[in-house]
Amino acid sequence: MPNFSLAGLKRFFLGAPLDPMAPGMRSHMALVAFLAWVGLGADGLSSANYGPEEAFLALGTHTHLALYLAVATAVTVFIIAFAYNQVIALFPAGGGGYKVATELIGPYAGLVSGCALIVDYILTIAISAASGMDALFSLLPLHWQAYKLPSEYLIVLLLMVLNLRGMKEPIALLVPLFLGFLITHVALIVYGIIAHAAALPALLPDTIAETSDLTREIGWIGVAALLLRAFAMGGGTYTGIEAVSNNVNMLREPRIETGRYTMLYMALSLAFTAAGLIVLYLLWNVQPQPGQTLNAVAFNAILEEAFGANSDIVAVGLTLTLVFAAALLFVAANTGFLGGPAVLANMAVDRWVPHQFSQLSNRLVTQNGVLMMGGAALAALWVTHGKVHLLVVLYSVNVFLTFSLCLFGLCRYWLLHWHERGSGLKLLQAALGLLVAGGILLVTVFEKFLHGAWLTVLATGLLIIAGQWTRRHYLGVKAQLKEADTLFIDQRDSVPVASPPPDPKARTAAFFVGSADGMAMHTLLAALALFPKQFRNIVFITVGEIDAEQFRGEAKIEALRAETQKRMQRFITWCARHDLAAEVVQDFGTDPVELLDRLSGDVLARYPNTVFFAAKLLFRQENLLTRLLHNETALTLQRRLHLRGQACVILPMRI
């Protein structure tokens, strides 16, 4: 019979829990180059559905300049991609633009880059969902457009659920659709160019002649400005290139080699597709049609010329092509659910965002990050009404802000490491990428600031302010807790002392121990002072939390084991010196509350006469933000124990 409880529904939608300590679990979830190309590189390839179109339309009636755009687009893809290969090599643990800016420029540059990336990934989800629905609704009558926005909401919610189950499942599901896009689009681009091959020999001389005429009319500066504007408006074409370097930690070993292959696959496919589409628009004289994408218009014309305007093959071929295009865009939206939570997890380790964003769910995904990205993407769709031309502007600003910071960091690194072999070439690559990315950023902000770019600037600015406040709060609390840690000064280098044997029938005090030793010691001393000579046995219950940082590799998990054992031995030594029988009950996992609750049951089975103690930070000015930044583990455990009729005392620690 189906289980309709909350836990049962959660298991049905999200799947059974996974064991982070199981041998090979991380390698099982890691992605080989091909799957990484699908799951991470799809963000870049999918931008061919809207980037080239925006660039071409920005030319207005001067479409002959599109030939320059096609060449510049292909070259720019490789310039940025090859520069980001350096990021993969220098930061094989992942983190991408955020880690580069933090470590190569400074923490505040990292904050700016991280906040920009978060907004970028939110807009990745929004624009990919919107553009995907644009492709599908190109097949439908114009009056169906009213249903487009609700459909975008639905696809975001579906991808959110898939990602809460785990990253590999949505990728494996969408691989056939990804390949379908590649095959159909490459075939149509190649056929479309060959079909009008007769126009190719005259294309370059005609372009040069028309450019000369335009130059005499508006001057070289005017022509350059027009080209730069169109080039910048097509900046969405290059989005997603950074996704691989941001998520190197998800790749199969050897990570650097896998990352480079993934980047190469993405650069080749994106350069060919984006440049090829721009050439198609030019050769086929494609004009915008209401309710249809420019790609839909071009592909329809190609299919009609190949099979006849009334052929059923045209309808079937166009439907398949646009369905595959939409599918790839949904894969790209999924990249936002992979990359965004990863950036949040990295920032949480550095205390720019609440610690909860680094916590893993029992499906070993950063659940809080997935939920935040999905909710924010829904809000972005609502604010922009799912209009791709507006989302592209919002999207491009932060993409090229992160590109510029990352490439500036690489330039700085190679200037400081000039003596290393190959540094000159790498500096040249990074500097060229910085010139291109910085130029697109400046043109986009200048041209489109009052047409929507200000929204991205505002959202990113607010996140930066929130990040500064969060870090200041965490560092203040850390400094005060560090003072409490001095209670352990006499224990750090002491020789362990044998504990007296425990008496299972005697009264026992069990202490939930978190990550702050001083806080736990404060609770122990307070409990012994409140109940003098009441307890014969002391049990310390602790859980080593495996978050996104620890799950990066087996070495980090082993380091967590060793550190936890070392910390707990100090408590055992202190109790032994005070003639108290003591032992440690511990486990490792992603959900501390569930594990602590289970361990408390184990303690009760051995020591029935037990009183549990937990600590809670007491702030002089407690509010919603302090509750958000510090979880309520103590209160949750107390409630569970009270429901079972067990005594649990919470002792506050004022800071």
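Scroll up to find the structure.
Calculation notes
Residues numbered from 1 in each chain as written. Predicted model: local features only at pLDDT ≥ 70, side-chain atom pairs only at ≥ 80, totals over all residues. Heavy atoms only, no water. Buried < 20%, exposed > 50% of the residue type's maximum accessible area, 1.4 Å probe, protein only. Helix = DSSP H or I, 4+ residues; strand = E, 2+ residues; numbered from the N terminus. Patch = residues over 30% accessible without salt bridge, like charges linked within 9 Å, V, L, I, M, F, W, Y side chains within 5 Å. Areas by Shrake-Rupley, 256 points an atom, 1.4 Å probe, with all protein chains shown as cover. Salt bridge = Lys/Arg side-chain N within 4 Å of Asp/Glu carboxyl O. Pairing = 2+ DSSP bridges. Axes fitted to C-alpha atoms, helices over the stretch in contact; angles between N-to-C directions. Contact = heavy atoms within 4.5 Å. Right-handed = clockwise from strand over helix to strand, strands pointing away. Core = buried A, V, L, I, M, F, W, Y, C linked by side-chain atoms within 4.5 Å. Arc of directions from axis to C-beta.

Undergrad: For unusual backbone geometry, give the residues involved together with the corresponding values.
TA: Even without being glycine, K533 reaches a positive phi, approximately 55°. Taking the relative accessible area as the measure of exposure, K533 reaches 86% and is therefore exposed. For D579, which is not glycine, the phi torsion reads 55° and is therefore positive. The topology assignment puts D579 in the loop between α21 (554-577) and β3 (581-589).

Undergrad: Would you mind going over a nonpolar patch on the surface in detail, with residue names and values included?
TA: A contiguous nonpolar surface patch, about 700 Å² in accessible area, is contributed by F449, L450, W454, V457, L458, L462 and I465. For L458, the location among the structural elements is in helix α19 (residues 453-484).

Undergrad: Run through the sheet that holds β3, naming residues and quoting values.
TA: What the 5 strands build is an open sheet, ordered β3-β2-β1-β4-β5; its pairing is parallel. Two strands close off the open sheet at either side, each with one partner strand: β3 and β5 (648-654). Strand-to-strand twist of the sheet, defined as the mean angle between neighbouring strand axes without regard to direction, takes the value 25°. Two strands pair when backbone bridges link them, and strand β2 (residues 537-545) and β3 are joined in this way by 9 bridges, in the parallel orientation. Bridge pairing links E545 to G589 in β3. On the sheet, helix α22 (residues 592-606) packs against β1 (508-513), β2, β3 and β4 (610-618) and is oriented at approximately 155° with respect to β2. The strands touched by helix α24 (residues 633-643) within the sheet are β1, β4 and β5, with β5 carrying the most contacts at an inclination of about 165°.

Undergrad: Go over the pairing of β2 with me, naming the residues and quoting the values.
TA: Of all 9 residues in β2, 9 are buried, a share of seventy percent or more. The alternating pattern of β2 places N537, V539, I541, V543 and E545 and I538, F540, T542 and G544 on opposite faces, both of which are buried. Crossover connection from β1 via helix α20 (residues 517-530) to parallel β2: handedness right-handed.

Undergrad: Give a description of the environment of A83 that names residues and reports values.
TA: By secondary structure assignment, the location of A83 is in helix α6 (residues 66-90). What makes A83 buried here is its relative accessible area of 0%. Excluding residues within four positions of it along the chain, A83 makes contact with L407, L410 and Q429.

Undergrad: Any chance you could break down the pattern of salt bridges for me, citing the residues and the numbers?
TA: Tallied over the entire structure, the rule returns 12 salt bridges. Two residues, K148 and E152, come together in a salt bridge whose shortest N-O distance is 2.7 Å. Within this pair, K148 and its partner E152 are both found in helix α9 (residues 148-165), separated by 4 residues, close to a single helical turn. For K148, a relative accessible area of 10% translates into the label buried. What makes E152 buried here is its relative accessible area of 0%. One network of salt bridges, with partners in common, ties together E594, D597, R640 and R644.

Undergrad: Please set out the nonpolar core residue by residue, giving values where relevant.
TA: Ranked by size, the top nonpolar core spans 137 residues in total, and within it Y238, I241, M347, F400 and F403 carry the most contacts. In terms of nonpolar packing, the next biggest core, distinct from the first, is built from 20 residues, A509, L524, A582 and F613 among them.

Undergrad: Kindly report on α24, identifying the contributing residues and their values.
TA: Here α24 has its buried residues at T633, A634, L637, Q638 and L641. For α24, the angular spread of the buried residues around the axis is 130°, confining them to a single face. The exposed set on the far side of α24, more than 90 degrees from its buried face, consists of R639 and L643.

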